[in-house]
Each structure stands twice: as structure tokens, then as C-alpha cells.
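Structural overview for review
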Amino acid sequence: MLVFGTRPEAIKMCPLVNELKARSDDFKTVVCVTGQHREMLNQVLHTFDVIPDYDLAIMKPRQTLFDVTCGVLLHIKAVIEREMPDAVLVHGDTTTSFAAALACFYLHVPIGHVEAGLRTHDIYSPWPEEFNRQAVDAISRWYFAPTSVSCENLLAEGKDPERIWVTGNTGIDALRTTVRGDFSHSQLDWARGSRLILITAHRRENFGEPMHRMFRAIRRVMEEHEDTKAIYPIHMNPQVREAAHSELDGFERLHIIDPLDVLAFHNFMAASYLILTDSGGIQEEAPSLGKPVLVMRDTTERPEGVAAGTLKLVGTEEEVIYREFSRLISDERVYAKMSHASNPYGDGHASERIASVLASED
Ligand code: UD1
Ligand code: UDP
């Protein structure tokens, strides 16, 4: 059984769902979505043609961590008891993953953690994700680590080396199928002839003043560079929308648009000049596409992209973001250094590896 609930988990779990379903001699595959996200989850399910067997439909507007944790725990119990799966696979660090894993632990059902071992070692950054991923790793039986760095993190915590497999990240499996030379979109037509800046932001620890500072810095730099246009496919969280509209409305070279489906978003990334984000998944996708990313966070659990030179951590202070964004947009040598394609997160065959490990288990 695979359990997921938000957009990024779905993007990284649907390739695995389809791989396991293709091996129907080895597996009976059951998909349970929690519905922690609704529209943004449905977009991904539709793209990958995945129809869930169970949908817990827990999302509420402006939900708190209490709402999500309790909603998943209470609703998933009956599903697990009914299916009694040989393994439940959860992904990464969301509250869906944490609560689903906790439910499995309570019911003595073994857990496989896809994207195990990422760490900042600061449980408040990102919040609550660093706690969630550590907690899932405390109770997992199978650790599917995307890179050797994440494998080392698990080994340093004393996890059994026999239970860790370095597979690559399933997000790259998804990326392999989406970027197309002939992709077109009216927003990309609008941006043609300008340097396209792609923006996303949604982290809980950045709500309030940090998010306002980010948006102010971005607007200041763009006002100084008339050959730039920005597209910001905005997260559906009302708190994010309020901050973005209050700082960015009225600036004509920046378009705030609804979330893009993953196929479109990957093609927007491929067409962009650079990316400003606090997202996790985008930090993994951008290096393969050779797109520089300024990461508007104080920490990252994805040091591989920083080491590869594609990512730079710029925090959430207005003046630092202003300075780093200005430098990247003005200095061609700095830009050239950050725009080399590299593949620190795998070759796009992670799902096959995970399925093979599970098939070989008793
Ligand atoms: C969640 C995850 C975060 C992940 C992010 C990806 C947790 C605690 N957070 O954060 O790790 O990086 O997803 O995007 O697990 N909303 C909608 N429709 C949607 C999705 C969201 O309206 O399809 C709105 C709702 O008002 C909802 C709010 O956004 O209450 C927040 O959603 P939630 O899943 O709690 O938090 P995210 O910031 O999306
Ligand atoms: N993404 C998308 N549409 C968008 C913005 C992002 O499909 O409008 C994809 C992006 O390619 C990446 C994932 O969503 O795979 C990142 O999700 P998000 O930033 O919501 O969460 P995080 O990765 O930070 O957990």
C-alpha cells in the first residue's frame, strides 16, 4: 500500500505506483491518498493516470498541523486494518507521511520510507518536515535513500546497513517523462524575449514577515532589470496568496498564476533563466535541467545540489536575497558557473530499484 497526500509526494510516488502496478505478478498494489491537498493532488493523479483505491479527503481550508495529523491517524486506521498490507510505503517528510507511518507502527505493519535519510539536523527548519522525516526513519523497515549523502545520514544514526538502499530520487523518474521540446503555453508566449524568472514559495516557517521580505527583494531586483519577466504559479494556501498579492500586485512584469500541472511546471522550469524558491522538490529537479536556483531558506536537506553548484542558499533576509539575486542576474560569469546540468539525484530509474528490492523480500 502506498500512502500520500500532497502534491510533491504524489509527483514522487506516482511513478512508483505505476512501476508496482506493472509488476502485477509480484505485487497487489493499493493506493490510499489522504487528501491533505485536494486540487493540487488531483492535478498530479490526473497527469499520471493514478486512481486511488481510498481517499481519506481530510483537507480543510487553513488546516493546522493538528487537523492534518489527527485527520490522517483517525481515518487511516480502518483502511490499514481492512487491507493488512505486507508493506506500507510513505514518502519524505509531510505530515501525511508521519501520521500514516505512526498508524502503521501502532498496527505493527512494516513501513518503507521512500526518500529516507534527508537531514538538516534542526527540527525547526524546515518545520515540521525535519521532525517528520526523522520520526518516519525511527520506525521504518526499508530505507530507500535517494543519494549516498542520505545513506550516510542513516548510517550515522545507527540504522542497519542491510536495510538501506541507494536508489536515486523518484522525482527524477517523473522528470524523465515530462520535459518536451514542443511544449507551448500562453504564459511562456508572454515571457518570450525576456529572461524568465520562475518563483514558488510555501514553507510554513516562512509565513508572515520572511515571506514579505522575499517578495519585496524579488520585486526590487526585477524593477531594476527591464529584460526580465517573472511567472509565479502560486500555492493554494491562502496565507501565501495574501502575502504575495500584497507585495507583488500592480507589477506588470510579474504574473501570479494558479498552480501548474507537473508536466507544465517542468517545462516552465526548462524555459526559465533562473528559479527563486523555498521548495524541496524543485531543488532536486533544477540541477538536472541546469537551472540556477536561489533557495530562500536558512537550511537545506539537499546539499548535493549546493555541492554541484546549481543551488545557493540565500536565507530570508531582504537585503541578502536582493544582493544575491542582483548578482546572479547582472554577472554572466556567476550565472554561467551555476547553470551546468548535473545529476546528483539519480538517473530516473529509482522506482524500478525500489520495486526490485521489495520483490526480493520474503
Ligand atoms: C504541505 C506539507 C509540506 C510540503 C507542501 C507541498 C506538511 C505539514 N506540509 O504544506 O511539507 O512541502 O505540502 O506543497 O505536511 N490548499 C488548498 N488546495 C490544495 C492544497 C492546499 O486549498 O490543493 C490550501 C488549504 O487551505 C490548506 C492549505 O493550503 O489548508 C495548507 O495545506 P497544507 O497541506 O496544510 O500545507 P502546505 O503548506 O501545502
Ligand atoms: N510543481 C508543480 N506545479 C507548480 C509548482 C511546482 O507541479 O505550480 C512541482 C515541482 O516540479 C515539484 C513539486 O511540485 O516537483 C514541488 O512541490 P512543492 O514546492 O509544493 O513542495 P516541496 O517539494 O517543497 O515539498
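Worth saying up front: this structure is predicted, and the values here are computed from it rather than measured. (Residues numbered from 1 in each chain as written. Chains lettered and ligands numbered in written order. Predicted model: local features only at pLDDT ≥ 70, side-chain atom pairs only at ≥ 80, totals over all residues. Heavy atoms only, no water.)

1. Concerning the overall build of the protein chain
A tally of regular secondary structure across the protein chain gives 16 helices and 13 strands. Taken over C-alpha atoms, the radius of gyration comes to 20 Å for the protein chain, in line with the 21 Å a tight globule of 362 residues would show. Along the three orthogonal principal directions, the C-alpha set of the protein chain runs to about 60 × 40 × 40 Å. By sequence separation, contacts in the protein chain at least 24 residues apart represent 67% of the contacts at least 6 residues apart. Surface exposure of the protein chain reaches about 14900 Å², of which carbon and sulfur atoms provide 51%. Measuring between centres, the 37 positive side-chain charges of the protein chain sit 2 Å from its 53 negative side-chain charges. (Helix = DSSP H or I, 4+ residues; strand = E, 2+ residues; numbered from the N terminus. Rg over C-alpha atoms; globule rule 2.2 N^0.38 Å. Contact = heavy atoms within 4.5 Å. Areas by Shrake-Rupley, 256 points an atom, 1.4 Å probe, with all protein chains shown as cover. Lys, Arg positive; Asp, Glu negative; His and termini not counted. Charge placed at Lys NZ, Arg CZ, Asp CG, Glu CD.)

2. Some details on the environment of L289
Within the element layout of this structure, L289 appears in helix α12 (residues 281-289). Classification of L289 as partly exposed rests on a relative accessible area of 22%. Ignoring sequence-local partners within four residues, the contact set of L289 consists of L175, V179, H266, M269, A270 and A341. (Buried < 20%, exposed > 50% of the residue type's maximum accessible area, 1.4 Å probe, protein only.)

3. Let's talk about the nonpolar core
Core analysis: the largest hydrophobic core is formed by 34 residues, its most contacted members being I197, Y232 and F325. For this core, the elements supplying multiple residues, two or more each, are β8 (195-200), α9 (209-224), β9 (228-233), α10 (238-248), β11 (274-277), α14 (318-330) and α15 (332-338). If one sorts the elements of this core by residue count, α9 sits on top with 7 residues. Ignoring sequence-local partners within four residues, the contact set of I197 consists of M222, T228, K229, A230, I231, L274, L276, F325 and I329. The next biggest cluster of nonpolar side chains, apart from the first, holds 29 residues, and it includes M13, V31, A355 and V357. (Core = buried A, V, L, I, M, F, W, Y, C linked by side-chain atoms within 4.5 Å.)

4. A short note on the packing of aromatic side chains
For the structure on display, the rule yields 6 aromatic pairs. Summarising the aromatic geometry, the rings of F215 and Y232 are spaced 5.7 Å apart at their centres and angled 40° between planes, so their arrangement reads as tilted. Of the two residues, F215 is situated in helix α9 and Y232 in strand β9; the sequence distance between them amounts to 17 residues. Under the relative-accessibility criterion, F215 is labelled buried at 0%. Note on Y273 and Y335: the rings are 3.9 Å apart at their centroids and 0° apart in plane angle, and the pair reads as stacked. (Phe/Tyr/Trp six-rings, centres within 6.5 Å; stacked < 30°, edge-to-face > 60°.)

5. Quick look at the environment of N42
Here N42 shows up in helix α2 (residues 39-47). Overall, N42 belongs to the partly exposed group, its relative accessible area being 35%. Separated by 36 residues in sequence, N42 and T6 have C-alpha atoms that sit 9.3 Å apart.

6. Digging into a nonpolar patch on the surface
Judged by side-chain polarity, I123, Y124, W127 and F131 come together as a nonpolar surface patch covering roughly 430 Å² of accessible area. If you trace the backbone, F131 turns up in helix α5 (residues 129-138). The partly exposed category is assigned to F131, whose relative accessible area is 39%. (Patch = residues over 30% accessible without salt bridge, like charges linked within 9 Å, V, L, I, M, F, W, Y side chains within 5 Å. Salt bridge = Lys/Arg side-chain N within 4 Å of Asp/Glu carboxyl O.)

7. Examining the site of ligand 1
Lining the immediate surroundings of ligand 1 are 24 residues, of which H37, E39, K60, T95 and E129 lie closest. Taking R62, its main chain carries an N or O atom lying 3.0 Å from an oxygen atom of ligand 1. The protein chains hide 95% of the 750 Å² of surface that ligand 1 would expose on its own. For the shell around ligand 1, the residue count by class is 8 nonpolar, 9 polar and 7 charged. (Near = heavy atom within 4 Å. Polar contact = N/O pair within 3.5 Å; in protein donor to acceptor, adjacent residues only side chain to side chain. Nonpolar A, V, L, I, M, F, W, Y, C, P; charged D, E, K, R; others polar.)

8. Structural notes on the site of ligand 2
Around ligand 2, the structure places 17 residues, and the nearest of them are R7, L260, G280, G281 and E285. Separating an oxygen atom of ligand 2 from a side-chain N or O atom of H266 is a distance of 3.3 Å. A distance of 2.5 Å is found between an oxygen atom of ligand 2 and a side-chain nitrogen or oxygen belonging to E285. Within the complex, 95% of the 540 Å² of free accessible area of ligand 2 lies under protein. Elements supplying a minimum of two residues to the shell around ligand 2: α1 (7-22), α11 (262-271) and α12. Here the residues of the shell around ligand 2 sort into 8 nonpolar, 5 polar and 4 charged.

9. Things to note about the sheet that holds β8
Read across the open sheet, the 6 strands follow the order β10-β9-β8-β11-β12-β13; overall the sheet is parallel. The two strands at the open ends of the sheet, each matched to only one other strand, are β10 (254-257) and β13 (311-313). Between one strand axis and the next, the sheet turns through 20° on average, direction left out of account. Sheet strands touched by α9: β8, β9, β10 and β11. Its angle to β9, the strand with the most contacts, is close to 155°. Most of the contacts of α12 go to β11, to which it runs at about 170°, and overall it touches β8, β11, β12 (293-295) and β13. (Pairing = 2+ DSSP bridges. Axes fitted to C-alpha atoms, helices over the stretch in contact; angles between N-to-C directions.)

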